[in-house]
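Residue strings, one per chain:
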Amino acid sequence: MPEYDKSKQLEVVTNDRFICDLVGIKLEEVGPGFARAGLEIRKDHLNGVGIVQGGVIYSIADYAFAAASNYCDEKVVGVDTSISFVHSARSGRIYAEANEISRSRSFSVCRVSVYDGEGNLMAIMNARGYVIRPK
C-alpha cells in the first residue's frame, strides 16, 4: 500500500462540486483505502415513484470509492463499476462505506456498500479505478 497522505485524500474529493454542492453528499470519515460518505435525503433526491433515485445512490457510492482510492500522490480515476440495488429508501439518511480490497501498479479495486439510516443494505458496488502515477 502506498504511503498514506490524508491531505491528498481530502483534496481530490472536496473539489468535487457536483457531489458536494448540488447533490449534498458529505465526506464523514477517511483513512488509507477507506472512506465513508453520508447524505440527508431531500425531495429532489426521489424518483417518480417516491424512492431515492438510483443515480443518487450511485453518486454516493462513487464518491466514497473516489475518497477511498485517492489517498496518496497517485490519483485514481474510475474505469469500471457495477452496482446492484437491493433495498430502497424514501427519506432520512443514507451512507456509503468504501474499502479498497486490492491495489496494483495499475488498478485500485474497491467494494462499496450503501446503507439507509437504519443500517439496511441498499446497494453494493464493485469499482475498479486506473492508477495515475505522478511524473
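Throughout what follows, the structure given in this document is the object of discussion. (Residues numbered from 1 in each chain as written. Predicted model: local features only at pLDDT ≥ 70, side-chain atom pairs only at ≥ 80, totals over all residues. Heavy atoms only, no water.)

## Describing the pairing of strand β5 (residues 107-116)
Short version of the rule: Here the rule is simple: two strands pair whenever DSSP picks up at least two bridges between them. Each helix is a run of DSSP H or I of at least 4 residues and each strand a run of E of at least 2, with the numbering of both proceeding from the N terminus.
Pairing between strand β4 (residues 93-103) and β5: nine bridges, direction antiparallel. By the bridge assignment for β5, Glu-97 is matched with Ser-113. Hairpin connection of β4 to β5: three residues between the antiparallel strands. Sheet topology note: the β5/strand β6 (residues 121-132) ladder contains nine bridges and is antiparallel. In the sheet register, Arg-111 faces β6, and the bridge partner there is Asn-126.

## Description of the sheet that holds β6
The following threshold applies: Interaxial angle, 0 to 180 degrees, is taken between N-to-C directions of lines fitted to C-alpha atoms, where a helix line uses only the stretch in contact.
Read from one edge to the other, the open sheet built from six strands follows the order β1-β2-β4-β5-β6-β3, with strand pairing classed as antiparallel. Looking along the sheet, the strands with just one partner apiece sit at the ends: β1 (26-31) and β3 (75-85). For this sheet, the mean angle separating the axes of adjacent strands, direction not counted, is 20 degrees. The sheet contact formed by strand β2 (residues 34-40) and β4 spans seven bridges and is antiparallel. Each residue of the ladder has a partner; that of Arg-36, found in β4, is Glu-97.

## Some words on the pattern of salt bridges
Just so we agree on the cut-off: By salt bridge we mean one thing: a side-chain nitrogen of Lys or Arg within 4 Å of a carboxyl oxygen of Asp or Glu.
Throughout the structure, instances matching the rule amount to eight salt bridges. For Glu-28, the salt bridge is made with Arg-36, and the minimal N-O distance between the two is 3.1 Å. Salt bridges sharing common partners tie together Glu-28, Arg-36, Glu-40, Arg-93 and Glu-97.

## Observations concerning the packing of aromatic side chains
For clarity, the cut-off: A pair of Phe, Tyr and Trp rings is counted when the ring centres sit within 6.5 Å of each other, with Trp represented by its six-membered ring. The angle between the planes then sorts it: under 30 degrees is stacked, over 60 is edge-to-face, the rest tilted. Two thresholds decide whether a charge sits over a ring: the Lys NZ or Arg CZ must be within 6 Å of the ring centre and within 35 degrees of the ring normal.
Applying the stated rule across the entire model yields two aromatic pairs. Lying across the ring of Tyr-95, Arg-36 places its NZ or CZ 4.0 Å from the centre. Here the guanidinium or amino end of Arg-128 rests over the ring plane of Phe-107, the centre of that ring lying 4.6 Å away.

## A look at a nonpolar patch on the surface
Filter applied, for reference: For patch building, the residue pool is restricted to those with more than 30% relative accessible area and no salt bridge; the joining distance is 9 Å between like charges and 5 Å between nonpolar side chains (Val, Leu, Ile, Met, Phe, Trp, Tyr). Throughout, the Shrake-Rupley method with a 1.4 Å probe supplies accessible areas, and for residues the shown protein chains are the sole cover considered.
Residues Val-77, Val-79, Tyr-130 and Ile-132 make up a contiguous nonpolar surface patch of about 330 Å² in total accessible area. Contributions of two or more residues to the nonpolar patch are made by β3 and β6.

## So, the pairing of β2
Here is the rule we go by: Using a 1.4 Å probe on the protein chains alone, a residue whose accessible area is under 20% of its type maximum counts as buried, one over 50% counts as exposed, and one in between counts as partly exposed.
The element β2 is largely enclosed, with a buried count of six among its seven residues. In this structure, the hairpin formed by β1 and β2 is closed by a connection of two residues, where Gly-33 is found at a positive phi of approximately 75 degrees.

## Focus on the environment of Val-52
As for its placement among the helices and strands, Val-52 is situated in the loop between β2 and α3 (54-69). Residue class for Val-52 comes out buried when judged on its relative accessible area of 5%. Each C-alpha atom, one on Val-52 and one on Ile-19, is 16 Å from the other, the two residues being 33 residues apart in sequence.

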